[in-house]
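What follows is the residue order along each chain.
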Amino acid sequence: MHDLVHDLARLVLADELILGESKLGNTDGSSCRYALFDDCSKRMESYTDSPAKIKALRFLDCGKIGLHGDAFSSAKYIRVLDLSDCFIQELPDSVGQLKQLRYLNAPKIQHRMIPNSITKLLKLMYLSLRGSSALLEMPDSIGDLEDLMYLDLSCCSELEKLPESFSRLNKLVHLDLSNCTNVTGVSESLPSLTNLEFLDISYCWNIRELPEHFGSLLKLKYLNMSGCDEIEELPGSIGNIKNLVHLDLSHCCQVKVTPQVLDCLTKLQYLNLSQCGCIDGTKVAEALGNLTQLRQLHLSGFMDTMYHDESTFSTSLECISTLSYLEHLDISCNIGLLHLPERFGSLGKLHTLDLSDCSSLRFLPESIAQMDSLKRVYAKDCRPLVTQLLVARGLHKSLTPLMELDVQAGELKGGNLVLFHAVDVTAVKIYGLDEVESFEEAQSIKLVAKKGIEKLRLVWSVSSYHVRIVEDSEVLGGLEPPSTIESLDINGYNGIIFPDWLMCISHDNFPNLVSMPSVAKIDEDFCGGTVAFSRLESFSVFFMENLEVWNTRCSCGGDGASGYMFPSLRELQIFGCPKLRLKPCPPKAEKWTISLSDAVISSWDALQDTTKLPSFLQSLELDYCESMTALPQWEIMGSLTSLQELHIWYCSSIESLPESIQQLTNLEKLQITGCPTLKRWCQIEENKLKLVHIKEK
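Keep in mind that what you see is a predicted model, and the values were worked out from it rather than measured. Positions within a chain are numbered from 1, following the residues in the order the chain's sequence is written. Local features in this predicted model are restricted to residues whose pLDDT is 70 or higher, and side-chain atom pairs enter the listing and the counts only when it is 80 or higher, whereas totals over whole chains, interfaces and linings include all residues. Only hydrogens and water are set aside when side-chain values are computed; all heavy atoms of the structure are taken into account.

A. Spatial organisation of the overall build of the protein chain. Strands here are runs of E lasting at least two residues and helices are runs of H or I lasting at least four, both read from the DSSP assignment and numbered beginning at the N terminus. Within the protein chain, the secondary structure is distributed over 16 helices and 36 strands. Accessible area is worked out with a 1.4 Å probe on protein chains only. A residue is then buried under 20% of its type maximum, exposed over 50%, and partly exposed in between. For the protein chain, the proportion of its 697 residues judged to be buried stands at 51%. By the convention used here, residues are in contact when the closest approach between their heavy atoms is within 4.5 Å. The long-range share in the protein chain, meaning contacts at least 24 apart out of those at least 6 apart in sequence, stands at 56%.

B. Examining the packing of aromatic side chains more closely. Here a pair means two rings of Phe, Tyr or Trp (six-membered ring of Trp) with centres within 6.5 Å. Their orientation is stacked below 30 degrees between planes, edge-to-face above 60, and tilted elsewhere. In this structure the tally under the stated criterion is eight aromatic pairs. For the ring pair Tyr 126 and Tyr 150, a centre distance of 4.2 Å and an interplane angle of 10° mean the geometry is stacked. Taken as a pair, Tyr 126 in strand β8 (residues 126-128) and Tyr 150 in strand β9 (residues 150-152) lie far apart in primary sequence, 24 residues in all. Take Tyr 150: its relative accessible area is 23%, and that puts it in the partly exposed class. Seen from their ring centres, Trp 460 and Tyr 493 are 5.3 Å apart, and the 65° between their planes marks the pair as edge-to-face. You can see Trp 460 sitting in the loop between β23 (455-459) and α10 (472-477) and its partner Tyr 493 sitting in the loop between β24 (487-491) and α11 (500-504), a full 33 residues away along the chain. For the pair shown, Trp 460 and Tyr 493 are each scored as buried. One aromatic cluster is present, built from ring pairs that chain together Tyr 103, Tyr 126 and Tyr 150.

C. Layout of the side chain of Asp 200. The topology assignment puts Asp 200 in strand β11 (residues 198-200). Although Asp 200 is buried, it forms no salt bridge, and the closest oppositely charged side chain is Arg 130 at an N-O distance of 12 Å. Beyond its immediate stretch of four places on either side in the chain, Asp 200 contacts Leu 175, Asp 176, Leu 177, Ser 178, Tyr 222 and Asn 224. Counted as positive: Lys and Arg. Counted as negative: Asp and Glu, with His and the chain ends omitted from the count. Put simply, a salt bridge is a Lys or Arg side-chain nitrogen that is within 4 Å of an Asp or Glu carboxyl oxygen.

D. Region of the structure containing the layout of surface pockets. The pocket and cavity definitions rest on a 1 Å grid over protein atoms only: a 1.4 Å probe that fits but cannot leave marks a cavity, an open set with protein on both sides within 12 Å along at least five of seven lines marks a pocket, and residues lining either have an atom within 4 Å of a point. Grid points are joined across faces, edges and corners, and a volume is the space filled by probe spheres set on the points. Within this model, the second largest pocket holds a volume of roughly 210 Å³. Along its surface, the second largest pocket is lined by Lys 669, Leu 670, Gln 671, Ile 672, Lys 679, Cys 682, Gln 683, Lys 688, Leu 691, Glu 696 and Lys 697. The greatest single-element share of the lining of the second largest pocket, amounting to four residues, is contributed by strand β36 (residues 669-673).

E. Here's a closer look at the pattern of salt bridges. Under the definition given, this model contains nine salt bridges. With a closest N to O distance of 2.5 Å, Asp 144 and Arg 168 form a salt bridge. Here Arg 168 lies in the loop between β9 and β10 (174-176) and Asp 144 lies in the loop between β8 and β9, a separation of 24 residues in the sequence. If you follow the salt bridges from partner to partner, you end up with Arg 58, Asp 82 and Asp 85 in one network.

F. Local environment of the environment of Cys 554. Mapped onto the secondary structure, Cys 554 falls in strand β29 (residues 553-555). Cys 554 gets classed as buried once you look at its relative accessible area, which sits at 1%. Note: C-alpha distance between Cys 554 and Asp 523 (31 residues apart in sequence) is 7.5 Å.

G. Region of interest: the pairing of strand β35 (residues 645-649). One bridge is not enough; two strands pair if DSSP finds at least two bridges between them. With five bridges connecting them, strand β34 (residues 619-623) and β35 associate as parallel partners. Along β35, the bridge assignment pairs Leu 620 with Leu 646.

H. Structural context of the pairing of strand β22 (residues 427-431). Counting buried residues along β22, four of its five residues qualify, which places the element largely inside the surrounding structure. The sheet contact formed by strand β21 (residues 405-408) and β22 spans four bridges and is parallel. Looking across to β22, one finds that Val 407 is bridged to Ile 430. In this structure, β22 lies alongside β23, joined through four bridges in parallel fashion. Residue pairing across strands places Ile 430 opposite Leu 458, the latter belonging to β23.

I. Examining the environment of Leu 91 more closely. Inspection of the secondary structure assignment puts Leu 91 in the loop between β6 (86-87) and β7 (103-105). For Leu 91, a relative accessible area of 2% translates into the label buried. The spacing of Leu 91 and Met 113 is 22 residues in sequence and 8.6 Å in space, taken between C-alpha atoms. Leave out the neighbours within four places in its chain, and Leu 91 touches Leu 83, Ala 106, Ile 109, Pro 115 and Ile 118.

J. Here's a closer look at a nonpolar patch on the surface. On the surface, Phe 543, Leu 596, Tyr 624, Trp 649 and Tyr 650 cluster together into a nonpolar patch covering about 470 Å² of accessible area. Mapped onto the elements of the fold, Tyr 650 is located in the loop between β35 and β36. Judged by relative accessible area, which is 34%, Tyr 650 ranks as partly exposed. Without a salt bridge and with relative accessible area above 30%, a residue can belong to a patch; like charges are then joined within 9 Å and nonpolar side chains (Val, Leu, Ile, Met, Phe, Trp, Tyr) within 5 Å. Areas reported here follow the Shrake-Rupley algorithm with a probe of radius 1.4 Å; residue values treat only the protein chains shown as occluding.

K. Inspection of the environment of Val 377 at higher detail. Mapped onto the secondary structure, Val 377 falls in strand β20 (residues 376-378). A residue is classified by how much of its surface remains accessible, and Val 377, at 16% relative accessible area, is buried. The spatial distance from the C-alpha of Val 377 to the C-alpha of Leu 355 is 7.3 Å, given a sequence separation of 22 residues.

L. Summary view of unusual backbone geometry. Cis geometry marks the peptide bond from Lys 583 to Pro 584; its omega dihedral reads -10°. Here Pro 584 is to be found in the loop between β32 (581-583) and β33 (591-595). The phi dihedral of Gln 275 is positive, around 65°, even though this residue is not glycine. Relative to the assigned elements, Gln 275 resides in the loop between β15 (270-272) and β16 (277-278).

M. Spatial organisation of helix α15 (residues 676-683). Burial in α15 covers these residues: Leu 678, Trp 681 and Cys 682. Seen along its axis, α15 keeps its buried residues to an arc of 100°; they face one direction. Along α15, the residues that are exposed and aim more than 90 degrees away from the buried face are Arg 680 and Gln 683. On the buried face of α15, the contacting elements are β35, β36 and α16 (685-690). The arc in question is the one traced by the directions running from the helix axis out to the C-beta atoms.

N. Broad picture of the confidence of the model for the protein chain. Scored from 0 to 100, pLDDT reflects the predictor's confidence in each residue. Averaged over all residues, the pLDDT of the protein chain equals 82, while 81% of them reach at least 70. Counted against residues more than four places away or in other chains, residues 1-6, with its pLDDT under 50, gives four contacts.

O. Focus on the side chain of Ser 540. Mapped onto the elements of the fold, Ser 540 is located in strand β27 (residues 538-542). A residue is classified by how much of its surface remains accessible, and Ser 540, at 2% relative accessible area, is buried. A distance of 3.2 Å separates the side chain of Ser 540 from the side chain of Gln 573, its partner in a polar contact. Contacts described as polar in this section are N or O atom pairs within 3.5 Å, which, within protein, must combine one atom able to donate a hydrogen with one able to accept it, while residues neighboring in sequence count only if both atoms come from side chains.

Take a look at the structure:
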């Protein structure tokens, strides 16, 4: 436990608390009433001379320590026992001696049984055995625990049957049987548990029906039946449970929800009918509209089972639009959903809307733009047009920024363009730029006026079937971003030069060049010399298969002087550039990641002057450079005097490390994966001596 917590505990409880190992802080341990121990493998007497005075005991950080059979047995008057941080192979039989025990938290028991003596704890009010996946059965006399109010058996996946006496636990307020996938006997016991307020039987796959008298649970407020896919219908008496606040029927695939059930549950605040079916869809919709206290409504895939035409979908959504307290609405995975009604904007407290996988949805109302409360809209796998229409939520007011907005260049016209500029968004991806027909069309997007964008991705198709109408360089020239930009990815660009605006940007973390198939050479003509990107810190090149040369130095003036192309570069990533060679020297960067680009490192061997090597390099990672048979010659590797980390992944042709590895005195970490021959080389005793200075390998 942290020293500060120790000190606070001692200050508040003084000599009533014993901590950790001993009687430290307690002259003889005789006043100790509360105990926090960090070793459950010892007897209680090793901590205190007066275990009988302890009222509450918890073991901390004992997840790898086996529980001793007498770790707590001498604390005869204990009321609270928390074993949640212990490794419990078997709950000791001595637990039955703790006659005053009210609270027992003993999760993840490894044994198939719990001792029958537990039923002697007649004052027990709280019992948690959650996660005891080996447990097969409860004691037959479990019903003797008549004061039990809280019982957690969740994830006891091998538990087979509840004993008949279970029905005598009629003081139970909280019962969690979630993920007890094999349990039976639940239905027989439930009607007697009339004080239940919380019941979770989710994913209890062997429950095939609920008793007709289920409605006798009049105090029930929380009911989770998610995943009970063997239950075919709900008992009519469920409508009697008028205090129900939370009802989850998701993935009860055979259940058919009726309007009669919903009509009576007027206090519901959470309702999940995802992937359920229903009877009489129009009346079910009306019943949903009467649940005026709803805060969360989940109807993923449910509405498709209600209706088969657009008008009935509209009726349902009109009813939902009257739920003035609704905060979270999930109508995802409803293929038949074509539009949302204009009245939808009246949901004044809605903050989350999930439209994912509504692939037919093509219209959102303008009223969404007035919804100040709306913070999150999920539209995965919706039509591209819907993504654009969603920006209407920022048309009149500045709302919380969206995470990222993906838009097709061809849709940024007319009203859609107005909506695009209205939304407050920090990350934008614009794709389909290969279909732009003119510089003016690209310029009309007015990216430079879209303040607030921090991350921009510009994507051209690399497919040979797309015929460009205008040069990519012209299109890129018309897409100047705002001054707020911090990160720029260019994907599929087919030009051979960059526009002037890109040369003048001074931010730190872009660009990333991704799959630019026509580019064969990076030099000062391509990127504007040393003045351009003078503050660039991170540079990435991805999958440029035709890129052969990168001239890393540029002229600095008319006197023939030269400097590094990116003088502030700290991190370099090169992926999938198999032909790329670096001339006249490697770029200046502290961290390199080279993947599927074998020639990048092998080109070092052509260097005549080792002083041009990156002596400032601190981390080098080589991935999948399968044709590389060796690292550069030993004179070159020995020059990397600042190297601290070397990672070699799946470069299976490399068989050994150069002799100069011994000169890399700052090398602290060597990681080799997927290189069997090289691994064996490292295990040879002679070679181990060459690596002895490396701390982690």
